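Commentary on secondary and tertiary structure
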Amino acid sequence: MDNVAMKRFLTPLAALVFAAPVWAQDEAAGSATDATDGPAQSDIADLLELLDADAAETSAGDDEDAAGGLSLRGDDGSELEIPAAGPGDEASGGDAPADAPEDSGSGSAAAETGDAQDASENDSEPAEDSADDSVDGTDPADETAEIEAPGPDGEAPAEDAAEDAPRTSTNAEEESGTGTADDSDPVDGAETAIAEPSALALTPATPFLTSTQYLELRPESTGEALQLVWSVRRENAEGETLGDAATRTLVIAPGFVRDESPNSVSVYDFLTSRHLEIDPDAGTMTNIAFAAEVRRRLDTYLGLSQGGRLSDIPLGPDRSFHRFWLEAAMGIRREPAALTRAYGDGVLTVERNGGETVLSARFDVGDLAGADADAGNAPESTEAEADQTGPVSISDAARPVDLSSGESVVFDLSQAASPINLQAGDAAINYPDGNPAEQAQAELLRRWMRHALPVHPDALGALEGAPRIPEEFAFFVVSPESPDGRREIWTLQSVDAVEPGLRLAPGLAPAYTGRDLIADRLVPAARSAIEDGYSADQQRFLDELEAHRARGDFVRAYLVSLQELNHNGACPPAAQSALRPVCAEVSGLIAAGLGDSAFEQLFGLIAGPVGTGNEQMVEAMAPYRGDDNLAGAAARVLTAKALLAWAARDPEGPPGDLSPFDLFAEAIELDPAASGVWWETGNALLVLRDPLSGWTVFDTGRSVLPEGEAGLLQQAAVLEDRLRTLAPEFFLPR
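No experiment lies behind these values; they were computed from the predicted model shown.

About the criteria used
Counting from 1, residues in each chain are numbered in the order their sequence is written. Reporting of local features is limited, given that this is a predicted model, to residues whose pLDDT is at least 70; pairs of side-chain atoms are given and counted only at 80 or more, and all residues count toward the totals for whole chains, interfaces and linings. By convention in this description, side-chain values take in all heavy atoms of the structure and omit both hydrogens and water. Numbering of helices and strands runs from the N terminus, with a helix taken as a DSSP run of H or I at least four residues long and a strand as a DSSP run of E at least two residues long. The classification of residues rests on relative accessible area computed with a 1.4 Å probe and restricted to protein chains. Under 20% of the type maximum is buried, over 50% is exposed, and intermediate values are partly exposed. Working rule for contacts: check all heavy atoms of both residues, and any pair within 4.5 Å makes them a contact. Residue burial considers only the protein chains on display, and all accessible areas are found by Shrake-Rupley using a 1.4 Å probe. For a helix, the expected span equals 1.5 Å multiplied by the residue count minus one. N or O atoms within 3.5 Å of each other form a polar contact, as long as, within protein, one can give a hydrogen and the other can take it, and as long as residues adjacent in sequence are counted only when both atoms are side-chain atoms. By definition here, a salt bridge exists when the distance from a side-chain nitrogen of Lys or Arg to a carboxyl oxygen of Asp or Glu is within 4 Å. The aromatic pairing rule takes the rings of Phe, Tyr and Trp, using the six-membered ring of Trp, and pairs them if the centres are within 6.5 Å, calling planes under 30 degrees apart stacked, those over 60 edge-to-face and the rest tilted. To sit over a ring, a charge needs its Lys NZ or Arg CZ within 6 Å of the ring centre and within 35 degrees of the ring normal. At least two bridges found by DSSP between two strands are what make those strands a pair.

Considering the overall build of the protein chain
- The number of helices and strands found in the protein chain is 21 helices and 19 strands.
- Burial status across the protein chain gives 62% buried among its 734 residues.
- Taking the intrachain contacts of the protein chain between residues at least 6 apart in sequence as the baseline, contacts between residues at least 24 apart amount to 74%.
- Here the protein chain displays about 24900 Å² of accessible surface, and carbon together with sulfur accounts for 48% of that area.

Digging into helix H20 (residues 691-704)
- Helix length check: H20, at 14 residues, gives a terminal C-alpha distance of 20 Å against a target of 20 Å (1.5 Å per residue), a fit within 8%.
- Within H20, 13 of the 14 residues are buried, which leaves it mostly tucked inside the rest of the structure.

Remarks on the environment of Arg 341
- Structurally, Arg 341 is set in strand S13 (residues 339-344).
- Overall, the relative accessible area of 6% leaves Arg 341 in the buried class.
- For the pair Arg 341 and Ala 462, spaced 121 residues apart in sequence, the C-alpha to C-alpha distance is 7.2 Å.
- A polar side-chain atom of Arg 341 sits 2.6 Å from the main-chain carbonyl oxygen of Asp 458.

Thoughts on the pattern of salt bridges
- Tallying each qualifying case throughout the model produces 37 salt bridges.
- Two residues, Arg 258 and Glu 260, come together in a salt bridge whose shortest N-O distance is 2.7 Å. Assigned by exposure class, Arg 258 and Glu 260 land together as buried.
- For the salt bridge of Arg 636 with Asp 628, the shortest nitrogen-to-oxygen distance reads 3.7 Å.
- Relative accessible area serves as the criterion here: at 5%, Arg 636 is assigned to the buried category.

Looking at the packing of aromatic side chains
- Scanning all chains against the criterion turns up 16 aromatic pairs.
- Here the aromatic rings of Trp 448 and Trp 490 are separated by 6.0 Å at their centres, their planes lie at 65°, and the arrangement is edge-to-face. One end of the pair, Trp 448, is in helix H9 (residues 436-452); the other, Trp 490, is in strand S18 (residues 486-498), and 42 residues separate them in sequence. Here Trp 448 and Trp 490 have matching classes, each one buried.
- Grouped by ring-pair contacts, the aromatic residues Trp 230, Trp 448, Phe 473 and Trp 490 constitute a single cluster.
- Taking the ring centre of Phe 324 as reference, the NZ or CZ of Arg 352 above it sits at 4.4 Å.

Overview of the pairing of strand S19 (residues 509-512)
- Of the two faces of S19, the one carrying Ala 509 and Ala 511 and the one carrying Pro 510 and Tyr 512 are both buried.
- Both strand S10 (residues 284-289) and S19 contribute to a ladder of 3 bridges, which runs parallel. Looking across to S19, one finds that Thr 284 is bridged to Ala 509.

Remarks on the side chain of Ser 703
- Of note, Ser 703 is situated in helix H20.
- By relative accessible area, which is 6% here, Ser 703 ends up buried.
- Of note is the side chain of Ser 703, whose polar atom sits 2.5 Å from the backbone oxygen of Thr 700.
- Residues within four places of Ser 703 in sequence aside, it is in contact with Leu 202, Thr 206, Phe 208, Ala 526 and Ile 530.

Rendered as structure tokens:
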């Protein structure tokens, strides 16, 4: 790496480290544009409509609150939606996920953990059903054998899709009362949900925190914050002005960026990798993982581009637009784009082949050393060159698919040799040296832009190492809304230092985006478990197992042993079985159960070939699904997984009165400390292309488990690490 590249790689990272590790936040005055009328608000929604039009023509769920479709938080920060596909919270029968693959991690009856009781894998291994069912070389922990999310036949996306609307907690103690025009005004009554969360090992990632609790758990912010007021105007491709200029207000601090508009406030908390969406009128706060939003972008990019294969994205019967513009909207690209960058006299330009300027920026650098430096016009590496970065490229990891056939998108994150986003230090702009604090501010602005604006990641990489926040920047957009293209110009109007503080109003009630199941059942179950100090130790399993065995009920006794696996994963080797005494009971239990026809049927279904026996498992578990004990929880999990696998093969087959997600919820309500059930539920939502709901389930489940004892839910952390590796610029460097 030459000196220029080395400087560009180190200076922004060093600035982030040394210019106060966590900045503060404060009140940002000034107006902002309405989220529905401001710049770059509708481009991504139109892209999602394209995906819906291309989706497989299979039956959709009847539940209006289902989120099986591809919902996406757009690059403008607003919630965007595609109609639901697959099962809703009450999905059943034909409403089950029509295209869920048998390797989806939802599992089949034969893939349940009973077979693994004598296995020697440690508890960190993926759930056995995922491992056994994995195909196409897909890493089981990644669950990436996913279905394409079909929409209703011929149905256009609803403008106010119910499944993507935030769900506010229904707990009376958490209701926020009357809304406020500004989230800095306190909201009464919501902060009593969980007293002293720090004593319960909760974290800022806990979705059901109030704003007061979030601030209590988040590391304290110190240092200067800046309030930036921008004037944003639009021009068409010919340079003619489109509408009136809008005002956008940002507060930038070392650990976060706050983006304000009249109807909402978005806080991108880079310190915790959380996106807080605040509704001042409702007095609520939605707490979303960066990883969930990045995953949703990845799903959308792969879906619309058919696994990264299409160069042109259909825009209707007679039009299309280049994949470059989809990559700009999603912030995800398969291979580097061929761009030409130039810098001189404080002006940066980034052009595509043919001289089309896709990004420009102007800096006030007159007081900086080396201000006359010029990077020249060296083009970025071509796609062919960049594809040689490792033994397996992104293009090899993204399998081409035919969306019209309902074929699954299989994208194995573990097979990618290089990030989807531009790697730090790739570009070679020789900016003049700035002071670390100003460079850190510029870098935080750039990373916010990656979340909030439709700028291609390779173009945005040219701003890496910028000496300070630009006085003006502009980018070009091509989208369904602007098929001929338009330019947005952001001109800085004022910069003011403001006092430290994240500026969250006390007592904002938690809200949830996605399925009603989360707010109505899973969060209450988690909250109750935390407040009651719920746990399920080995003695509880042993006591219930022995009670069933003493009555000669070997099926229920065996189900108890399966539920223990839902807590702790595969049984250890016999030499270590003292830590898992339930595992030591299984061999004798099986021997005693031989000759019992019901037991032999259950054992045969679990030990049978993968992908078989799902219908029989649903029927076999019917007598046990009403039990309110550990055996009943296991019976519900077996049934839910069998329903999902059955529906993957025959969408109309499963009975209409059974919902896999209702069964998962019932199992969690009975035994909320079962990490494997939280994993199975969230993983099934990822398979249904609903990562926002999926990660909310993961985060809710992790809040129940003792610190350092995530069990099978540690697989969610594996997914997060891989997304951070693939798309590093959505996060702060570690």
